[in-house]
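Descriptive structure summary
Okay, here's what each chain looks like letter by letter:
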Amino acid sequence: MEVNVLSTEPESGVPGDEFKEKFKKNHDITFYRRQRDKAVSQYFASLETLLLTDRGASLELCERDSQNRLSLQIRATQNGTVRVSIDELQPVKQRYHVSDVLVGEMTYEPLRVHWKREDCVCLTWGLGQYQLLVSFLPFKLEISCDGEEIVTLNPENKLYFETLQDPTRSSSNSCQGDENQCGLLKETFRQFEDIKANGPSSVGMDLSLHGFNHTYGLPEHADTLVLKDTSVSEAYRLYNLDVFGYDINSRLGLYGSVPVLIAHKPERTAGVFWLNASETLVDVKYNSEPNENEDEPPGKKSKIAPQTDVRWISESGTIDCFILLGPTAAQVFSQYAQLTGYQALPPLFSLGYHQCRWNYEDEADVKAVDAGFDSHSIPYDVMWLDIEHTNGKRYFTWDSKLFPNPAELQRHLQKKNRKLVVISDPHIKIDPDWSFYCEAKDGGHFVKNREGAVYEGTCWPGESNYLDFSSSKTRSWYARQFSLSKYEGSTESLFVWNDMNEPSVFNGPEQTMPKDAVHFGGWEHRELHNLYGFYQHMATFEGLLTRSGGTERPFILSRSFFAGSQRLGAIWTGDNVATWEYLKISIPMLLSLSLTGIQFCGADVGGFVQDPDPELLVRWYQAGALQPFFRGHSAKVTKRREPWLFGVEVTSAIRSAVQDRYCLLPYWYTLFHQAHVSALPPIRPLWVEFPSDSSTFAVENQYMIGSALLVCPVTDPGVTEVRVLLPGSDELWYDTNTAEVHKGARTLDLPVTLNTVPVFQRGGTVVPRRAGCGSSTADLQQHPITLTVALDTKGNADGVVYLDDGHSFSYRDQKQFCLCRFSMRVGRLVSSCADDKGSFVSDDKVESVVILGLNSLKRKPKLKSGAARTPVMFEFDVKRGPLSFVSPYNGGTRAQPSPNTHCSSANGSSPKRRL
Ligand code: NOJ
């Protein structure tokens, strides 16, 4: 017998107030209130306790009134990261420390005493450019660079640390006799009771970022790119929750959390990473408004030095705070990636288009949709199956009526080089007749409740137990379920989607797991709530990796995430709604994720909830094609919306957006390679590329794809014109639709039709594309590369293209990759090897080159290879501008220098092919 789905999620339509009331607001969060309402604390340090080792400094802190004693550790790395860790000096029991997020042990520098006084000591390290001033009474920590203050920790004495209680002796802990109100030992929200095994355990600290008045990050929130001042609104809540049809312009918690804040000013970018996996709230206050009183004479305006105050408040755990000192944005990204890992290099197919729906009904439906893409000449790579493909929401199984032959279905897709993704959620249907369930139960792989029994909650299958992915034993067990022999009906072309992994519990508090549930090692769920989805993602990654014997790159989409999830695959922004506002907000949401390391991210194209009108659908495809993860998805009771169902005009506009995405994949793939090795996000806010141009700091409707393309997706209905900011007074911008050139440092009113996708190539760059796209990414290889060389004001341009086999780890293990540079100088375009460690040989050719920005043509272009010079076919149209030419050389010149020519360093030479 099937249990009816017990979801309180409406299956369509935007949720009403009753649904929203499930979730806490700031005033319902007792630990946050306790800290906000408390007068300042008085921590002091004493010089006698300062201990310097070759890995940093340690110091004891003591609170004047309570006599709480804490241990402080300060460590610094050579690359500009300072780590400040605070724990109880003598806890009654160990506090939770986040493991598995940091990648390996950092190398810390010895700290030296630069100078000291009775009330403070100044430490330094490395070349001595950075100083750390430790003030003792009250305790403060100030980090500066060559005399310029960057950040002060505990400037307002808000360091807060509730020491763990022995539950048997907790009566001393009452809060004027009203425990519930203060939430010390027990608290109730709606009908849910939370019993705190260790009593109150919250931690918090404030810090000031000097000279900064723009901050970013702290995903996931459906809000503006620039963080808001929360002194007049809700704090940023980091607590992973399943919020169907979430509100926009809100700082309430969503599916994932990355506790990273990035601050930017013209001369410096800095970051703060607060490594804590419990519920966390962050308050931001800008103290920076210069006095704009126009009555004051110029030069007399009283200027307050800009400063942003940030206060972090977590429910439990310890303080482990990393200050990333930059000074450039690229350095902040790399400092953070050295801590939590770089973006996984996605298999090429996963950068193509994905077609999803809750649900594709049966095998015939999947095949028909697959065929529909071919008959409408729309490329795509992956079909997705949602929960209905299973036998009664038992993951790892198939509905035998609807999907009787899943392996054959996968082979059918695989023949066209296409893949299948299936869903695998963390809740497991309680079914003693199901061997998977029994194995999990017998193996002790489920989370427990506070009484020590297996925790039960409801989700899609009805009564369910939840796998405890925080245990490495459970992760390995789960990973083994993906082996081809265990997972019946699976083949190597099946990939995975982890959903509902906040975790979503329909009958739980705030639709998630109670905080007093218990994980492996006796840890309360409250300690690691924000890590739950990360751990499932990690286990699934391990599963797909092991399935291929460690040779193939996994692809897994996860809804929930934490810092470090970038190492494991892609994420998306959950259950958005098919309205223009949600299309618009997808851009700042994805930029915030990208800035904080989660770079393979996307939003459901078309909007998950409700039905988009055709214009919105087209605009969403156009925008989605310019975002890293590109998947159309729709909820169960929405109308079908395959791209060909709305008439030829719509089909044609969608086809052209998807085809353009495919043609641009050499560029996207090269950007993902850069993200993988240097942490630069493939999509970036304008300010990352124009760090000293303050007009870019708050722009969130436009962004850069790499450093070459500026995009401004149309996100409003019925528009005939969009306003585009083209930054940089020394820049030239080429409209990729018309080749028209515009000078930078201006706004442009660009006329648009339904088919226009505003994309501008920056002068000084070379963008690789494929000359055609075929029906999937596998077909791309058959199309030669074309280069668009956009000249800067000096007539120069540079770019790279990265190539490898697109699916395995041989780029890493056998150096089977090729990085090829193209540079245009004084009328010559030269290709050369940009990394001579790479030994990948491909048949890829550069067939044609388009040069934007040539005003005249003095000589006919020639291709030079070795001593030979060959004329090339070309077209030059002074009115249209671009010079484009096609190489006659075997249909094109090889983009990939063979190891014996360009890439070999055996004879020390790197022959160049000149055009
Ligand atoms: C919630 C997910 O966000 C959505 O994408 C999915 O279709 C449903 N769960 C059903 O699995």
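Residues numbered from 1 in each chain as written. Predicted model: local features only at pLDDT ≥ 70, side-chain atom pairs only at ≥ 80, totals over all residues. Heavy atoms only, no water.

Here the focus is the sheet that holds strand S40 (residues 759-762). The strands that make up a sheet are held in pairs by hydrogen bonds between backbone atoms, and each pair lies either parallel or antiparallel. Strands sit in the order S33-S34-S35-S40-S37-S38 across an open sheet of six strands; the sheet is antiparallel. Two strands lie at the open edges of the sheet, namely strand S33 (683-684) and strand S38 (741-743), each paired on one side alone. Looking at chain direction, strand S35 (residues 709-711) and S40 are connected through three bridges and run antiparallel. Within the sheet, the bridge partner assigned to Leu710 lies in S40 and is Phe760. (Pairing = 2+ DSSP bridges. Helix = DSSP H or I, 4+ residues; strand = E, 2+ residues; numbered from the N terminus.)

Contacts to the ligand come from 13 residues, most closely from Asp386, Asp499, Arg559, Asp575 and His633. Here Arg559 contributes a side-chain N or O atom positioned 2.8 Å from an oxygen atom of the ligand. Within the contact set of the ligand, an oxygen atom lies 2.4 Å away from a side-chain nitrogen or oxygen of Asp575. Relative to its unbound accessible surface of 300 Å², the ligand loses 100% to contact with the protein. Classifying every residue of the shell around the ligand by side-chain character gives eight nonpolar, one polar and four charged. (Near = heavy atom within 4 Å. Polar contact = N/O pair within 3.5 Å; in protein donor to acceptor, adjacent residues only side chain to side chain. Areas by Shrake-Rupley, 256 points an atom, 1.4 Å probe, with all protein chains shown as cover. Nonpolar A, V, L, I, M, F, W, Y, C, P; charged D, E, K, R; others polar.)

Another point: the sheet that holds strand S23 (residues 382-385). Reading across the sheet, the eight strands line up as S31-S30-S29-S28-S24-S23-S22-S32 and stay open at both edges, with parallel pairing between neighbours. Of all the strands in the sheet, the pair left with one neighbour each is strand S31 (601-602) and strand S32 (630-632). Bridge count for strand S22 (residues 353-355) against S23 is two bridges, and the pairing is parallel. Bridge pairing in S23 links Gln355 to Met383. Set on the sheet, helix H10 (residues 532-547) makes contact with strand S28 (494-498), strand S29 (556-558) and strand S30 (570-572); between it and S28 the angle comes to about 175°. (Contact = heavy atoms within 4.5 Å. Axes fitted to C-alpha atoms, helices over the stretch in contact; angles between N-to-C directions.)

A few words on the confidence of the model for the protein. With 91% of its residues at a pLDDT of at least 70, the protein reaches an overall mean of 91. Here strand S52 (residues 913-914) is the element of the protein with the lowest mean pLDDT, 32, and strand S34 (residues 703-705) is the one with the highest, 99. Every residue in residues 1-8 scores below 50 in pLDDT, and together they form 17 contacts with partners more than four places removed in sequence or on other chains. Below pLDDT 50 for its whole length, residues 171-180 participates in 15 contacts with residues either more than four positions away or in separate chains. (pLDDT = per-residue confidence, 0-100.)

The next point concerns the nonpolar core. In this structure, Val82, Ile86, Leu207, Ile323, Leu531, Phe555 and Ile705 are the most contacted members of the largest nonpolar core, which totals 222 residues. Among the elements that line this core, the one with the most residues is helix H11 (residues 580-595), at 10 residues. Excluding anything up to four places from it in sequence, Ile705 contacts Leu626, Tyr667, Trp668, Leu671, Pro682, Ile683 and Val711. Core analysis: the second largest hydrophobic core is formed by 22 residues, Ile785, Ala797, Val801 and Val846 among them. (Core = buried A, V, L, I, M, F, W, Y, C linked by side-chain atoms within 4.5 Å. Buried < 20%, exposed > 50% of the residue type's maximum accessible area, 1.4 Å probe, protein only.)

This part is about empty space enclosed by the protein. All told, the structure shown has nine cavities of 30 Å³ or more when counted by the stated rule. What the largest cavity holds in volume is close to 170 Å³. Together, 16 residues line the largest cavity, and Lys24, Phe189, Asp194, Pro509 and Lys515 are the ones closest to its centre. Counting residues per element, the ones that place at least two in the lining of the largest cavity are strand S12 (186-189) and strand S13 (192-195). (1 Å grid on protein atoms, 1.4 Å probe; cavity = no way out; pocket = protein on both sides within 12 Å on 5 of 7 lines; lining within 4 Å. Points joined across faces, edges and corners; volume = space filled by probe spheres on them.)

On to the packing of helix H5 (residues 363-375) against helix H6 (residues 406-415), then. The N-to-C vectors of H5 and H6 enclose an angle of 5°; their axes lie 11 Å apart at closest approach. It follows from the interaxial angle that H5 and H6 lie roughly parallel. For the pair H5 and H6, the contacting residues are Glu363, Val366, Lys367 and Asp370 in the first and Pro406, Glu408, Leu409, His412 and Leu413 in the second. Taken together, the residues that form the contact of H5 with H6 break down as four nonpolar, one polar and four charged. (Parallel < 35°, antiparallel > 145°, perpendicular 65-115°, else oblique.)

Further remarks concern the pattern of salt bridges. If you walk through the whole model with that rule in mind, you get 51 salt bridges. Residues Asp365 and Arg640 are paired through a salt bridge, measuring 2.9 Å at the closest nitrogen-oxygen approach. Taken as a pair, Asp365 in helix H5 and Arg640 in the loop between S32 and helix H13 (648-663) lie far apart in primary sequence, 275 residues in all. The class of Arg640 is partly exposed, set by a relative accessible area of 29%. Across the salt bridge formed by Asp516 and Arg450, the nearest N and O atoms sit 2.2 Å from each other. In this pair, Asp516 sits in the loop between S28 and helix H9 (525-528) while Arg450 sits in the loop between helix H7 (435-442) and strand S26 (456-459), placing the two residues 66 residues apart along the sequence. The network of salt bridges with shared partners includes Asp194, Arg237, Glu279, Glu315, Glu510, Lys515, Glu524 and Arg526. (Salt bridge = Lys/Arg side-chain N within 4 Å of Asp/Glu carboxyl O.)

Tracing the sequence through the fold places Glu279 in the loop between strand S18 (268-274) and strand S19 (280-286). Only 2.8 Å separates the side chain of Glu279 from the side chain of Arg237, close enough to count as a polar contact. The contacts of Glu279, once residues within four sequence positions are left out, are Ile29, Phe31, Arg237, Leu238, Tyr239, Ile313, Ser314, Glu315, Lys515 and Arg526.

Along the chain, His264 turns up in strand S17 (residues 260-265). A distance of 2.8 Å separates the side chain of His264 from the side chain of Thr269, its partner in a polar contact. Discounting residues that sit within four places of it in the chain, His264 has contacts with Phe212, Asn213, His214, Tyr216, Thr269, Trp687, Pro691 and Phe697.

Moving on to helix H4 (residues 329-340). Because an α-helix completes one turn every 3.6 residues, residues spaced three or four positions apart along the sequence face the same direction. If you check H4, its first and last C-alpha atoms are 17 Å apart, about what 12 residues at 1.5 Å a residue would give, namely 16 Å. Within H4, nine of the 12 residues are buried, which leaves it mostly tucked inside the rest of the structure. Where H4 terminates, the next one or two residues include Gly341, which has phi positive at roughly 100°. (Expected span 1.5 Å × (residues − 1).)

The next point concerns the environment of Trp580. Its location among the elements puts Trp580 in helix H11. On the basis of relative accessibility, which here comes to 12%, the residue Trp580 falls in the buried class. Along the backbone, Trp580 and Glu48 are 532 residues apart, and their C-alpha atoms lie at a distance of 61 Å. Residues in contact with Trp580, not counting those within four places in the same chain, are Asp613, Glu615, Leu616, Arg619, Thr715, Asp716 and Pro717.

As enumerated under the stated definition, the model contains 48 aromatic pairs in all. The interplanar angle of 70° and the centroid separation of 6.0 Å between the aromatic rings of Phe349 and Phe555 together place this pair among those described as edge-to-face. With a gap of 206 residues between them, Phe349 in the loop between H4 and S22 and Phe555 in the loop between H10 and S29 connect regions that are remote in the sequence. With a relative accessible area of 7%, Phe349 lands in the buried category. Three or more aromatic residues joined by ring pairs form one cluster here, namely Phe396, Trp398, Trp434, Phe436, Phe469, Trp477, Tyr478, Phe482, Tyr487 and Tyr532. The ring of Phe495 has Arg547 lying over it, and the distance from NZ or CZ to the ring centre is 5.5 Å. When the ring centre of Trp497 is taken as reference, the NZ or CZ atom of Arg631 above it lies at 4.7 Å. (Phe/Tyr/Trp six-rings, centres within 6.5 Å; stacked < 30°, edge-to-face > 60°. Lys NZ or Arg CZ within 6 Å of the ring centre and 35° of its normal.)

Turning to the packing of helix H12 (residues 614-624) against H13, a few remarks are in order. For the pair H12 and H13, the least separation of the axes is 9 Å and the interaxial angle reads 5°. By the angle between their directions, the pair H12 and H13 is classed as roughly parallel. Here Pro614, Leu617, Val618, Tyr621, Gln622 and Gly624 of H12 come into contact with H13, specifically with Val650, Ala653, Ile654, Ala657, Val658 and Arg661. Per-class residue counts for the contact of H12 with H13 are nine nonpolar, two polar and one charged.

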